[in-house]
Amino acid sequence: MAKDLGENDNESIKEKIKEGSLSPKDLKRIEKGVKKAELLATVLDTAMVDPITGLFEGAGDIATGLAGLYIVYEAQKAGMSYWELTKMLGRQTIDFAGGSIPIIGDVFDFVYKSNKKNAKALRHHFEQIEKQGLENKLARLKKLEKKKIKTEKSGVKTRDRFGRKIVEDKIDENLEA
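Residues numbered from 1 in each chain as written. Predicted model: local features only at pLDDT ≥ 70, side-chain atom pairs only at ≥ 80, totals over all residues. Heavy atoms only, no water.

Here's the deal with the side chain of R91
Then comes step 1: Positionally, R91 belongs in helix α5 (residues 82-100).
Then comes step 2: No salt bridge is formed by the buried R91, whose closest oppositely charged neighbour, E84, lies at an N-O distance of 5.2 Å.
Then comes step 3: Beyond its immediate sequence surroundings of up to four residues, R91 is in contact with Y112, S114, K117, N118 and A121. (Helix = DSSP H or I, 4+ residues; strand = E, 2+ residues; numbered from the N terminus. Buried < 20%, exposed > 50% of the residue type's maximum accessible area, 1.4 Å probe, protein only. Lys, Arg positive; Asp, Glu negative; His and termini not counted. Salt bridge = Lys/Arg side-chain N within 4 Å of Asp/Glu carboxyl O. Contact = heavy atoms within 4.5 Å.)

Here is the structure:
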């Protein structure tokens, strides 16, 4: 059973993004939403569904407007900032209002591609999350490597099966050499 993200889950995604602790499962779920949004944007804007349904006064614009809101919903689930969500809603509102004007609105729908712009913004957000995640992983690996080097220099060799440190006796090594 698929779990819908609510307000708390959105906040936890934002916190995970800030901390750089998104799991691969979270990234996969976000990427899946991005792909759905891009497909919808392609269908609505590139396949000319938005302009064609706009020919049906009122109902077509409402239907494509609601479909376009799905992209904003996916962006919200992905933890996009409220400012970016507001810009996306603004684009969607302009598309709906401009497309609702008889005759001129049909031409407007052919020119203004709010869904593509919103999907592009969502893709950019996902790429930034991915990049930040990789940078955080690299930083953690470097930190572990420094810790490893530090323990090697201090004479800590390894741990035994009980987790106790086994310390090399440097005096004995120097005597044997």
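Thoughts on the packing of helix α4 (residues 59-77) against α5
Then comes step 1: Running from N to C, α4 and α5 point in directions that differ by 175°, and their axes come no closer than 10 Å. The angle between the axes of α4 and α5 places the two elements in the roughly antiparallel class. Of α5, the residues touching α4 (which contributes D61, I62, T64, G65, G68, L69, I71, V72, A75 and Q76) are L85, M88, L89, Q92, F96, G99 and S100.
Then comes step 2: Broken down by class, the residue content of the contact of α4 with α5 amounts to nine nonpolar, seven polar and one charged. (Axes fitted to C-alpha atoms, helices over the stretch in contact; angles between N-to-C directions. Parallel < 35°, antiparallel > 145°, perpendicular 65-115°, else oblique. Nonpolar A, V, L, I, M, F, W, Y, C, P; charged D, E, K, R; others polar.)

What to know about the nonpolar core
Then comes step 1: By size, the foremost hydrophobic cluster in this structure holds 19 residues, and its most contacted members are L22, I30, A75, M80, M88 and L122.
Then comes step 2: When contributions to this core are tallied by element, the ones reaching two or more residues are α1 (7-19), α2 (24-46), α4, α5 and α7 (114-154).
Then comes step 3: By residue number, the principal contributor to this core is α7, which donates five residues. (Core = buried A, V, L, I, M, F, W, Y, C linked by side-chain atoms within 4.5 Å.)

Describing the packing of aromatic side chains
Then comes step 1: This structure, assessed with the given rule, holds two aromatic pairs.
Then comes step 2: Summarising the aromatic geometry, the rings of Y70 and Y73 are spaced 6.1 Å apart at their centres and angled 45° between planes, so their arrangement reads as tilted. With Y70 and Y73 both in helix α4, this residue pair falls three residues apart, about one helical turn.
Then comes step 3: When its relative accessible area of 27% is taken as the criterion, Y70 is described as partly exposed.
Then comes step 4: By relative accessible area, which is 29% here, Y73 ends up partly exposed.
Then comes step 5: With a centroid separation of 5.3 Å and an interplanar angle of 25°, the aromatic rings of F108 and Y112 are classed as stacked.
Then comes step 6: Judged by relative accessible area, F108 falls into the partly exposed class, the value being 24%. (Phe/Tyr/Trp six-rings, centres within 6.5 Å; stacked < 30°, edge-to-face > 60°.)

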